[in-house]
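Next come the chains, spelled out residue by residue.
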Amino acid sequence: AFGSSNRPEIAKVLHEIGLIERDLGKYDDALATFDQVLNIDLSLSESEASGETGKTLHEIALTLCSKGDFELGKKRFEEAVRAKELAFGTRKHPEVATSLYYLATLAYEK
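Nothing here was measured: the structure is a model prediction, and the numbers come from that model. (Residues numbered from 1 in each chain as written. Predicted model: local features only at pLDDT ≥ 70, side-chain atom pairs only at ≥ 80, totals over all residues. Heavy atoms only, no water.)

Quick notes on the overall build of the protein chain
Moving on, step 1. Looking only at helices and strands, one finds five helices and zero strands in the protein chain.
Moving on, step 2. A sequence separation of at least 24 residues applies to 49% of the contacts in the protein chain between residues at least 6 apart.
Moving on, step 3. With an accessible surface of roughly 6600 Å², the protein chain has 54% of that area assigned to carbon and sulfur atoms. (Helix = DSSP H or I, 4+ residues; strand = E, 2+ residues; numbered from the N terminus. Contact = heavy atoms within 4.5 Å. Areas by Shrake-Rupley, 256 points an atom, 1.4 Å probe, with all protein chains shown as cover.)

This is the structure in structure tokens:
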């Protein structure tokens with residue numbers, strides 16, 4: 001029932017669990033869950049992976065910032081931007097723009 005063909009669906013469910021954990025303030029649990037999602041994302045084919053990898057890195061970055069680790073959060077936002085640019089081919093895509101917005105916010109707040 002949980003073969004490799006279901007991995008994208010498992011990643012989606014884990015992603016939602018990570019969001020809930022973060023909303024509950026369970027940042028370490030959320031980071032562990034998002035790491036599981038990232039591992040699944042990276043195991044997918046390149047065409048599937050880049051966009052999902054970028055989204056997962058973005059959520060990891062948000063979680064790190066929520067936890068107060070702004071330096072590592074910044075690095076993960078930068079990685080998210082690179083992955084999303086690969087997936088969507090432009091900085092003008094809304095997914096890329098969202099991560100760029102958070103990077104700019106972090107730079108402004110320093």
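Read on for the rest.
Some thoughts on the packing of aromatic side chains
The relation between two aromatic rings is expressed through the spacing of the ring centres and the mutual angle of the planes.
Moving on, step 1. Inspection of every chain in the model, using the stated rule, returns two aromatic pairs.
Moving on, step 2. An angle of 5° between the planes, with centres 5.5 Å apart, marks the rings of Phe77 and Tyr102 as stacked. Separated by 25 residues along the polypeptide, Phe77 in helix α4 (residues 70-88) and Tyr102 in helix α5 (residues 94-109) bring together distant segments of the chain.
Moving on, step 3. Note on Tyr101 and Tyr102: the rings are 5.4 Å apart at their centroids and 80° apart in plane angle, and the pair reads as edge-to-face.
Moving on, step 4. Here Tyr101 falls in the exposed class, since its relative accessible area comes to 54%.
Moving on, step 5. Linked through ring pairs, Phe77, Tyr101 and Tyr102 together constitute an aromatic cluster. (Phe/Tyr/Trp six-rings, centres within 6.5 Å; stacked < 30°, edge-to-face > 60°. Buried < 20%, exposed > 50% of the residue type's maximum accessible area, 1.4 Å probe, protein only.)

Points about the nonpolar core
Moving on, step 1. Counting residues in each nonpolar core, the largest one holds 10 residues, listed as Leu19, Ala30, Leu31, Phe34, Leu38, Leu57, Ile60, Leu64, Ala80 and Ala83.
Moving on, step 2. Secondary structure elements with two or more residues in this core: α2 (27-43), α3 (46-67) and α4.
Moving on, step 3. Residue contributions to this core peak at four residues, all from α2.
Moving on, step 4. Discounting residues that sit within four places of it in the chain, Leu64 has contacts with Leu31, Asp69, Leu72, Gly73 and Arg76.
Moving on, step 5. Core analysis: the next-biggest nonpolar cluster, separate from the first, contains eight residues, Leu62, Phe77, Leu103 and Leu106 among them. (Core = buried A, V, L, I, M, F, W, Y, C linked by side-chain atoms within 4.5 Å.)

Structural notes on the pattern of salt bridges
Moving on, step 1. Under the definition given, this model contains seven salt bridges.
Moving on, step 2. The salt bridge partner of Glu59 is Arg22, with a shortest N-O separation of 2.8 Å. Highlighted residues: Glu59 in helix α3 and Arg22 in helix α1 (residues 7-23), separated in sequence by 37 residues.
Moving on, step 3. Among the residues examined, Glu59 registers a relative accessible area of 13% and is labelled buried.
Moving on, step 4. Residue Glu78 is joined to Lys74 by a salt bridge in which the shortest nitrogen-to-oxygen separation is 2.8 Å. In this pair, Glu78 and Lys74 are both assigned in helix α4, four residues apart and thus about one turn of the helix distant. (Salt bridge = Lys/Arg side-chain N within 4 Å of Asp/Glu carboxyl O.)

Structural notes on the packing of α4 against α5
Moving on, step 1. In the contact formed by α4 and α5, the axes pass within 9 Å of each other and the chain directions differ by 155°. Relative to α5, α4 is oriented roughly antiparallel. The chirality of how α4 crosses α5 is left-handed. Where α4 approaches α5, its residues Phe70, Lys74, Phe77, Glu78, Ala80, Val81, Lys84, Glu85 and Phe88 are matched on the opposing element by Glu95, Val96, Ser99, Leu100, Tyr102, Leu103 and Leu106.
Moving on, step 2. For the contact of α4 with α5, a count of residues per class yields 10 nonpolar, one polar and five charged. (Axes fitted to C-alpha atoms, helices over the stretch in contact; angles between N-to-C directions. Parallel < 35°, antiparallel > 145°, perpendicular 65-115°, else oblique. Left-handed = near helix turned anticlockwise from the far one by under 90°. Nonpolar A, V, L, I, M, F, W, Y, C, P; charged D, E, K, R; others polar.)

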